[in-house]
Amino acid sequence: SSVATTCLRVQRCEAPLHQWSLLRHLPCLKELRIEDCSDLTCSSTDLLPCLASLKTISFKDCKFVEALPDWLGDLTSLKALAITDCEGFKALPESIQQLTCLQRLKIDGCPELVQLPCLPSVESLLVRQCKTIAELPERLGDHTSLKELILVNCEGIKTLPESIQQVTCFQRLTINACPELVQWFKSEENKKL
């Protein structure tokens, strides 16, 4: 029964998101996986309430014009967001600040990404193969809930923000294939920390 459906995967859909009428019939939907879709515009406000129960949303191989859609900020019960191999993705929308329940953020294979916002509720942050991002948010240390930070193949990141010292509940810090950042860790100034 569609009423009991909790996970939906949409692949290679060319219709704009506001035409995905199936979403209106899935009130228990908790996870939405969007793969290889090119039009994620949602001009219809009657569709967004259908996504209000989502806990996880992922975008893979999608095409964006610079940022994720603004409607993402309306999914206030969202706990996990993953963006993988998305062309044109340069930034998260300002509306993402409204996601106060977001715990996991994964950005993988988005080489055009240039900045990350501050998301205080995030417990796990993974940034992989995002070569043009130059720095992490200065207020990263304000993330009192941050337990896991994974940076892989992010050649543009040269240092961690000074505020990182305030994060007291780290359980995992992984840095791999970030040569400038590794060099920064080995520097004399960091041996005192």
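This text goes with the structure placed above it.
In this report, the structure presented in the accompanying data block is examined.

Procedures and definitions
- Residues numbered from 1 in each chain as written.
- Predicted model: local features only at pLDDT ≥ 70, side-chain atom pairs only at ≥ 80, totals over all residues.
- Heavy atoms only, no water.
- Helix = DSSP H or I, 4+ residues; strand = E, 2+ residues; numbered from the N terminus.
- Rg over C-alpha atoms; globule rule 2.2 N^0.38 Å.
- Buried < 20%, exposed > 50% of the residue type's maximum accessible area, 1.4 Å probe, protein only.
- Areas by Shrake-Rupley, 256 points an atom, 1.4 Å probe, with all protein chains shown as cover.
- Patch = residues over 30% accessible without salt bridge, like charges linked within 9 Å, V, L, I, M, F, W, Y side chains within 5 Å.
- Salt bridge = Lys/Arg side-chain N within 4 Å of Asp/Glu carboxyl O.
- Lys, Arg positive; Asp, Glu negative; His and termini not counted.
- Charge placed at Lys NZ, Arg CZ, Asp CG, Glu CD.
- Pairing = 2+ DSSP bridges.
- Axes fitted to C-alpha atoms, helices over the stretch in contact; angles between N-to-C directions.
- Contact = heavy atoms within 4.5 Å.
- Phe/Tyr/Trp six-rings, centres within 6.5 Å; stacked < 30°, edge-to-face > 60°.
- 1 Å grid on protein atoms, 1.4 Å probe; cavity = no way out; pocket = protein on both sides within 12 Å on 5 of 7 lines; lining within 4 Å.
- Points joined across faces, edges and corners; volume = space filled by probe spheres on them.

1. Observations regarding the overall build of the protein chain
Thought 1: Each helix and strand in the protein chain was counted, giving 2 helices and 10 strands.
Thought 2: For 193 residues, the compact-globule estimate of 2.2 N^0.38 gives 16 Å, and the C-alpha radius of gyration of the protein chain, at 18 Å, lies within 12% of that figure.
Thought 3: The 193 residues of the protein chain split such that 48% are buried.
Thought 4: When the accessible area of the protein chain is evaluated, it comes to approximately 10000 Å², of which 49% is carbon and sulfur surface.

2. Quick look at a negative patch on the surface
Thought 1: Together, E135, E138, E162 and E189 line one region of the surface with negative charge.
Thought 2: Assignment of secondary structure puts E138 in the loop between β8 (124–128) and β9 (148–152).
Thought 3: Given the relative accessible area of 51%, E138 is considered exposed.

3. What to know about the sheet that holds strand β5 (residues 80–84)
Thought 1: Read across the open sheet, the 8 strands follow the order β1-β2-β3-β5-β7-β8-β9-β10; overall the sheet is parallel. A single partner strand is all that each edge strand has here, and the edge strands are β1 (7–11) and β10 (172–176). Strand after strand, the sheet turns through a mean of 5° between neighbouring axes, direction not considered.
Thought 2: Bridging between β9 and β10 involves 5 bridges; their strand directions are parallel. Across the sheet, I150 pairs through a bridge with T174, a residue of β10.

4. Let's talk about the pattern of salt bridges
Thought 1: All chains considered together, the criterion is met by 7 salt bridges.
Thought 2: Residue E35 is joined to R9 by a salt bridge in which the shortest nitrogen-to-oxygen separation is 4.0 Å. Linking E35 in strand β2 (residues 31–35) with R9 in strand β1, this pair joins segments that are 26 residues apart in sequence.
Thought 3: With a shortest N-O distance of 3.0 Å, D108 and R128 are connected by a salt bridge. Placement of D108 in strand β7 (residues 104–108) and of R128 in strand β8 is noted, with a sequence separation of 20 residues between them.
Thought 4: Note on R128: relative accessible area 26%, which makes it partly exposed.
Thought 5: Put simply, R12, D36 and K63 are held in one network by salt bridges that share partners.

5. Examining the side chain of E148
Thought 1: On the secondary structure map, E148 appears in strand β9.
Thought 2: Other than its neighbours up to four places away in sequence, E148 contacts R104, E123, S124, L125, F170 and R172.

6. Here's the deal with the environment of L51
Thought 1: Along the chain, the position of L51 falls in the loop between β2 and β3 (56–60).
Thought 2: Setting aside residues no more than four positions away along its own chain, L51 makes contact with L23, L32, W71 and L75.

7. With respect to the packing of aromatic side chains
Thought 1: Using the criterion set out here, one finds 3 aromatic pairs in the structure.
Thought 2: Measuring from centroid to centroid gives 5.2 Å for W184 and F185, while their planes differ by 70°, and the two rings are edge-to-face.
Thought 3: Grouped by ring-pair contacts, the aromatic residues F59, F64 and F89 constitute a single cluster.

8. Concerning empty space enclosed by the protein
Remark: the empty space left among the atoms is shown by a probe the size of a water molecule rolled over them.
Thought 1: Within the structure shown, the criterion is met by 1 cavity of 30 Å³ or more.
Thought 2: Computed from the structure, the largest cavity encloses a volume of approximately 60 Å³.
Thought 3: In this structure, the largest cavity is lined by L105, L116, P117, L119, V122, L125, P137, L140, H143 and L146.

9. Remarks on unusual backbone geometry
Thought 1: With a phi angle near 50°, R12 is a residue other than glycine that sits in the positive phi range.
Thought 2: Structurally, R12 is set in the loop between β1 and β2.

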